[in-house]
Structures are given as structure tokens and as C-alpha cells.
Amino acid sequence: MSSQTSSHKPRVAVVFGGRSSEHAISVLTAGAVLRAIDREKYDVLPIGITTDGRWALTADDPDRMAITDRRLPSVAELAESAEGGVVLPVDPTNREVVYSEPGSVPKALGEVDVVFPVLHGPYGEDGTLQGLLELSGVPYVGSGVLASAVGQDKDYMKRVFASFGLPVGPYEVIRPREWEQDPAAARKKIVDFAGEHGWPLFVKPARAGSSMGISKVDDLSGLDEAIEEARSHDPKILVESLLRGREIECGVLEFEDGPRASVPAEIPPVTAHDFYDFEAKYIDSATGIVPAPLTADQTAKIQELAVAAFEAASCEGLVRADFFLQDNGEFVINEINTLPGFTPISMYPRMWQESGVSYPELIDRLLQAALRRSTGLR
């Protein structure tokens with residue numbers, strides 16, 4: 001930690017954008033966070049990462065980080081320069097952020113006390129950025145390297161959950177080499193899975209979120225197209241059987257005494273869409289029901305499972321845990337999201353709002369939890 005006096009406000013670098021297919025969703029999240037963060041309590045430095053990986057100094061202007069006429073925002077539009085770059089030194093003794101442009105003398109932007117990464121998907125949510133911040137010795141919001149990587153890779157996430165006795169639905173994995181070297185054998189593997197569990201199937205990238213690249217496949221005729229769509233986001237894909245039931249989500253937040261679960265929410269069937277896909281989530285503003293209409297026992301059970309998933313993956317800070325409440329009354333965990341969206345319609349902040357934690361307080365709790373932790377082994 002840099003030295004702080006009573007008059008010093010912690011300096012927060014809000015890092016957003018990134019190289020994944022969820023770039024625009026990250027910009028939306030950053031806009032919401034920048035709007036809600038308490039400027040009386042924190043100094044803020046917005047840093048955007050472009051789709052090609054350049055760290056850019058951006059405008060602190062949440063109004064420009066929104067969907068306009070169904071058009072998604074980008075860091076390139078917010079960057080103060082088309083060439084300038086921000087550098088965070090990989091040196092635990094120096095937290096001085098530097099900005100430079102070609103042909104100009106580098107300019108010091110001051111020290112950063114904590115990073116709030118609001119990147120979704122690979123190259124940000126998957127442990128890569130977290131590893132950089134560990135090397136730099138800068139505290140950051142959210143899970144560490146291992147939990148972030150596990151939370152990004154749905155294959156290993158499910159393996160971890162199963163090893164801790166958490167209920168996981170049937171799935172199959174097609175690794176890059178399988179599809180590239182013998183697509184017929186990979187296709188047969190999926191068809192055999194469908195023979196055991198039935199159609200339809202969901203084909204999705206193993207390491208993406210925001211419902212990117214997911215297809216519902218009703219029969220063999222649509223399989224190859226679905227595989228290629230998923231592989232356009234990630235060469236490793238996941239195939240899941242249809243679980244009939246209700247979609248229920250639950251938030252987990254780190255308090256001083258440990259993780260606690262929010263009231264759960266329900267994602268109702270989306271009549272205009274085949275399933276809860278990207279368009280339903282972000283363009284057409286599908287609305288979840290908060291709190292979910294569950295019995296007291298069902299609510300207690302899902303809260304218990306959400307905290308258990310948080311602990312199983314060694315998470316920190318926050319998690320949104322997604323479940324199916326099957327027609328037989330049993331819960332199955334679908335996935336966790338270690339950096340869930342904070343857009344105005346996102347479920348995570350809505351669940352905590354209903355649980356008595358306002359949006360600004362939620363941001364503050366996450367920052368304070370990060371400032372309490374050290375980097376490195378813990």
C-alpha cells in the first residue's frame with residue numbers, strides 16, 4: 001500500500017473494455033460503476049483497454065458508455081488519443097501509472113491504490129489481468145488468479161463443483177484438437193451424448209460469458225453451424241443437455257466476516273427469444289424477478305449452494321451463481337461469474353439492492369474488501 005494520510009482518498013483505477021467478445025458489455029459496466037462510485041471518498045482514474053490490447057486513457061464520462069440506438073459503445077470511441085498508452089509498472093515498489101504518446105515525454109498520472117477491473121471474458125476476467133496486478137503488487141476487486149481462471153473455464157468450473165459435491169448437470173467437452181483433427185469423431189461424441197440425454201442441446205464457448213456464442217440445437221442438422229459459432233469465440237466448446245426448470249440466480253458478496261448470499265432472482269422465460277441470449281440480456285432489456293418467488297426452504301438452499309460454490313472455487317469479493325430449479329424440485333448449478341455485469345439492468349446489483357445493499361454501498365464494499373487484502377499468497 002502507498003502511504004495514506006487522513007486527507008488521502010484511495011485512488012481507484014477502473015479498468016474496462018478488453019480484447020474479448022464482451023468488450024462492449026465491459027464498457028457498459030464501467031459506465032455504471034463510474035456513475036455510482038463515491039467521488040467524495042475515492043479518486044478515480046478510468047483506463048480503457050481497446051480490442052487490440054492497448055491501454056488507453058479515457059474520458060470519465062459515463063453517459064458515453066451506454067447503448068445508443070441499439071449501438072454498443074467501445075473504448076476506441078472514449079480514448080483521449082488514438083495512439084497514447086497507459087503503463088502500469090510491474091514493480092511492487094512502484095505504483096506510478098504513466099501515460100505516453102509517440103514523440104512526447106511520458107507523463108506521470110500518479111499512484112494507484114486499488115484497481116477495479118470490470119473486464120468480462122478472456123484477457124481480463126480469466127486470471128490474466130489478476131496475474132499482472134499480483135506482479136505489480138496492486139490490490140484489486142474480485143477473485144485471484146486461480147478462482148478467476150476456474151470461473152472463466154466452464155469445463156474446469158464444473159469439475160471443481162463436482163469434486164465438492166455440488167450438483168452439476170450433464171455436459172460434454174470438445175477440445176480444440178478433437179475438432180481440428182477428427183471432426184467426425186467429435187461430432188459422434190456429441191451425437192452419443194444427445195442419444196443419452198436427448199435433444200435439444202446447448203453448444204457454447206467454454207470460456208466466454210454474456211451468452212456470447214451460445215446456440216440451441218434441436219437436431220443434427222444445426223450442429224456444425226452451432227459448433228463453428230461457439231468456436232468463433234473459443235476453440236474449446238461445451239455441450240450441455242437441456243435442463244427443464246426455472247433459471248434462478250444468487251449473488252455472493254464478501255463482508256468483513258466472510259461471504260454472504262443475496263436474495264435470489266428468477267430469469268423468466270423470454271418469449272421473444274429462444275433462450276436468455278445476448279439480445280435478450282442487453283439489447284431488449286429482459287427483466288428478472290427480484291426476489292424470486294421461492295419458498296423459504298428453497299431460498300435458504302440456493303443461498304447455501306451459492307456460498308458453497310464461492311468457497312469451492314476459492315473466490316473473493318463477489319460472485320453471481322446461476323442455477324436451474326428443476327421440475328423435480330432439485331437445484332443444479334449452471335455456472336458462476338466472478339465479475340458479473342454491473343449495467344443498470346444487471347441482476348447482481350439488483351439482487352443486492354433488494355437485500356438492503358445499495359449500488360453505491362455495493363461498490364464501496366467491494367473496494368474496501370480489496371483494500372483489506374494483500375496481494376500474493378493469502
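Refer to the structure above for everything that follows.
I will try to describe carefully the structure that is included in this document. (Residues numbered from 1 in each chain as written. Predicted model: local features only at pLDDT ≥ 70, side-chain atom pairs only at ≥ 80, totals over all residues. Heavy atoms only, no water.)

## Quick notes on unusual backbone geometry
As a rule of thumb, non-glycine residues mostly have phi less than zero, and peptide bonds are mostly trans rather than cis.
1) Next: With omega at 0°, the peptide bond leading from tryptophan 199 into proline 200 counts as cis.
2) Next: The topology assignment puts proline 200 in the loop between helix H7 (183-197) and strand E9 (201-205).
3) Next: For the peptide bond that leads from valine 290 to proline 291, omega is -5°, which places it in the cis range.
4) Next: Tracing the chain through its elements places proline 291 in the loop between helix H9 (278-283) and helix H10 (296-312).
5) Next: Even without being a glycine, tyrosine 123 presents a positive backbone phi close to 65°.
6) Next: Mapped onto the secondary structure, tyrosine 123 falls in the loop between strand E7 (114-117) and helix H3 (128-136).
7) Next: A positive phi angle, near 60°, is found at serine 314, a position not held by glycine.
8) Next: Position of serine 314 among the secondary structure elements: in the loop between H10 and strand E15 (318-326).
9) Next: By relative accessible area, which is 43% here, serine 314 ends up partly exposed. (Helix = DSSP H or I, 4+ residues; strand = E, 2+ residues; numbered from the N terminus. Buried < 20%, exposed > 50% of the residue type's maximum accessible area, 1.4 Å probe, protein only.)

## Examining the sheet that holds strand E4 (residues 85-87)
1) Next: If you trace the 3 strands from one edge of the open sheet to the other, you get E4-E5-E6, paired in antiparallel fashion. Two strands lie at the open edges of the sheet, namely E4 and strand E6 (107-111), each paired on one side alone. Neighbouring strand axes in the sheet, compared pairwise and without regard to direction, differ in orientation by 25° on average.
2) Next: Here E4 pairs with strand E5 (residues 96-100) via 3 bridges, running antiparallel. Residue pairing across strands places valine 87 opposite valine 98, the latter belonging to E5. (Pairing = 2+ DSSP bridges. Axes fitted to C-alpha atoms, helices over the stretch in contact; angles between N-to-C directions.)

## Looking at the sheet that holds strand E2 (residues 43-49)
1) Next: Spatial ordering of the open sheet is given by E3-E2-E1-E7, a layout of 4 strands whose pairing is mixed. Both edges of this open sheet fall to strand E3 (55-57) and E7, since each of them pairs with a single strand only. Neighbour to neighbour, the strand axes of the sheet diverge by 30° on average, direction disregarded.
2) Next: Across 7 bridges, strand E1 (residues 11-17) lies against E2 in parallel orientation. Across the sheet, valine 14 pairs through a bridge with proline 46, a residue of E2.
3) Next: Running at roughly 150° to E1, helix H1 (residues 23-36) makes contact with E1, E2 and E7 of the sheet. (Contact = heavy atoms within 4.5 Å.)

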